Amino acid sequence: MFDKIQILEKRYAELTEMLGDPSVVSDRGKFRELSKEHSDLAPIIVCADNLKKTEAALEVNKELLRETDDVELRELAQEEQSGLRLQIENLQKELIEYLLPKDPNDEKNTIIEIRAGTGGDEAGLFAGELFQAFAKYAEKRRWKVEILSVSDATVGGYKEVIFQIIGKGAFSAFKYESGVHRVQRVPKTETQGRIHTSTITVAVLPEAEEADVELLDKDLRIDVFRSSGPGGQSVNTTDSAVRVTHIPSGLVVTCQDEKSQIKNKAKALKVLRARLLNQKQEALDAERRDNRKSQIGTGSRSERIRTYNFPQGRVTDHRIGLTLYQVDLVMAGDLDLVIVPLQDYAREEALRAETGQPAKAPTKAADDSDED
């Protein structure tokens, strides 16, 4: 770690000198680029400097203890030493956090796909409710929500809804929502009051820029057709629906919600790019994966991650053993109740990996069982 700090300190000094060079100052593009790098490094350098000063103060304190026989002075020095050791420990953790590899997608917008799974109409209803919870959370963060594709369920909710959340850090906030979400409650159509279990699947993808994923015309098959719908004004009378097939991967995206063929094609390509970027990222992760696997899970849509038990008012995240009796708040969009603990756990695991500590097994929630 300290070798890395020395390299960064040297780079910071170089940047400081370069930013004072008139030729750099006159080049707005280069000045902006170097200024950003300089500001990104600044908190690391300050933290490292504070750590050095605190370690030096501890050495002075130790020297004082070795040289003095004054009882009162020794007591003061020992008390100060405890505080200095704690400061050093905290500064070391802070420095390691700064040096942890950053997810390059964290600051991006995100595309989220919610699909009804087992449970029939009830799954569709819950898919709609979870979409509303995500949308409310995004609105609280002043992020924009844009629906890209919708397939309505029979009695309400969605068979499938694909939407984009636009805002800095949107992917970072939602990325641990990928997987199977399970709901347990008495459906509105249940006459005997029996609790049913239904599931929906969620996929959270970082938005891909054109520079991230290159789409070649020769790799795409574009089909246009007349939109389907429940009837009346909802059915287009022109061939505005678009189906895009990415021939090399076999991925297919269909969009038919807009009356404009051009808009539907643009939305379909946006979803396709996100899925291709996700495939690429998963392949890279697989190559880098070693025996140490984070207990937070893979984010696979086949993995059960959370249960919403309405009769008990309970939300359980099975990956980290988190149980909250605040299902109403979570469904009202107060998602930080689950998002923040997941982010904290992931950060803690990354710190443990960086310092060579064994992975920490998550606490098993009291209500975390397959029979829930």
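For the structure, see preceding data.
Given the structure is predicted, the values throughout are model-derived calculations rather than measurements.

A. Representation of the overall build of the chain in the model. Counting its regular elements, the chain contains nine helices and 11 strands. When each of the 372 residues of the chain is scored for burial, the buried share is 41%. Look at the contacts in the chain between residues 6 or more apart in sequence, and 63% of them connect residues 24 or more apart. Accessible surface, the chain: about 20,900 Å² in total, of which carbon and sulfur atoms supply 49%.

B. Broad picture of unusual backbone geometry. Of note in the backbone geometry, R142 takes a positive phi value of approximately 60 degrees without being a glycine. Considering the arrangement of structural elements, one finds R142 in the loop between helix 5 (121-140) and strand 2 (144-152). Exposure remark for R142: the relative accessible area of 78% places this residue in the exposed category.

C. Just the packing of helix 1 (residues 2-18) against helix 3 (residues 28-67), in detail. Interaxial distance between helix 1 and helix 3 falls to 9 Å at its minimum, and their mutual angle equals 130 degrees. Taken together, the axes of helix 1 and helix 3 are oblique relative to one another. Here helix 1 runs over helix 3; the crossing is left-handed. Across from F2, I5, L8, E9, R11, Y12, L15, T16 and M18 in helix 1, the residues of helix 3 making contact are L34, E37, H38, L41, A42, I44, I45, A48, L51 and K52. Classifying every residue of the contact of helix 1 with helix 3 gives 13 nonpolar, two polar and four charged.

D. How the structure looks around a nonpolar patch on the surface. Together, L64, L73 and L76 give the surface a local cluster of nonpolar side chains, amounting to about 230 Å² of exposed area. Relative to the elements of secondary structure, L76 occurs in helix 4 (residues 71-99).

Each value, and the rule that gives it
Residues numbered from 1 in each chain as written. Predicted model: local features only at pLDDT ≥ 70, side-chain atom pairs only at ≥ 80, totals over all residues. Heavy atoms only, no water. Helix = DSSP H or I, 4+ residues; strand = E, 2+ residues; numbered from the N terminus. Buried < 20%, exposed > 50% of the residue type's maximum accessible area, 1.4 Å probe, protein only. Contact = heavy atoms within 4.5 Å. Areas by Shrake-Rupley, 256 points an atom, 1.4 Å probe, with all protein chains shown as cover. Axes fitted to C-alpha atoms, helices over the stretch in contact; angles between N-to-C directions. Parallel < 35°, antiparallel > 145°, perpendicular 65-115°, else oblique. Left-handed = near helix turned anticlockwise from the far one by under 90°. Nonpolar A, V, L, I, M, F, W, Y, C, P; charged D, E, K, R; others polar. Patch = residues over 30% accessible without salt bridge, like charges linked within 9 Å, V, L, I, M, F, W, Y side chains within 5 Å. Salt bridge = Lys/Arg side-chain N within 4 Å of Asp/Glu carboxyl O.

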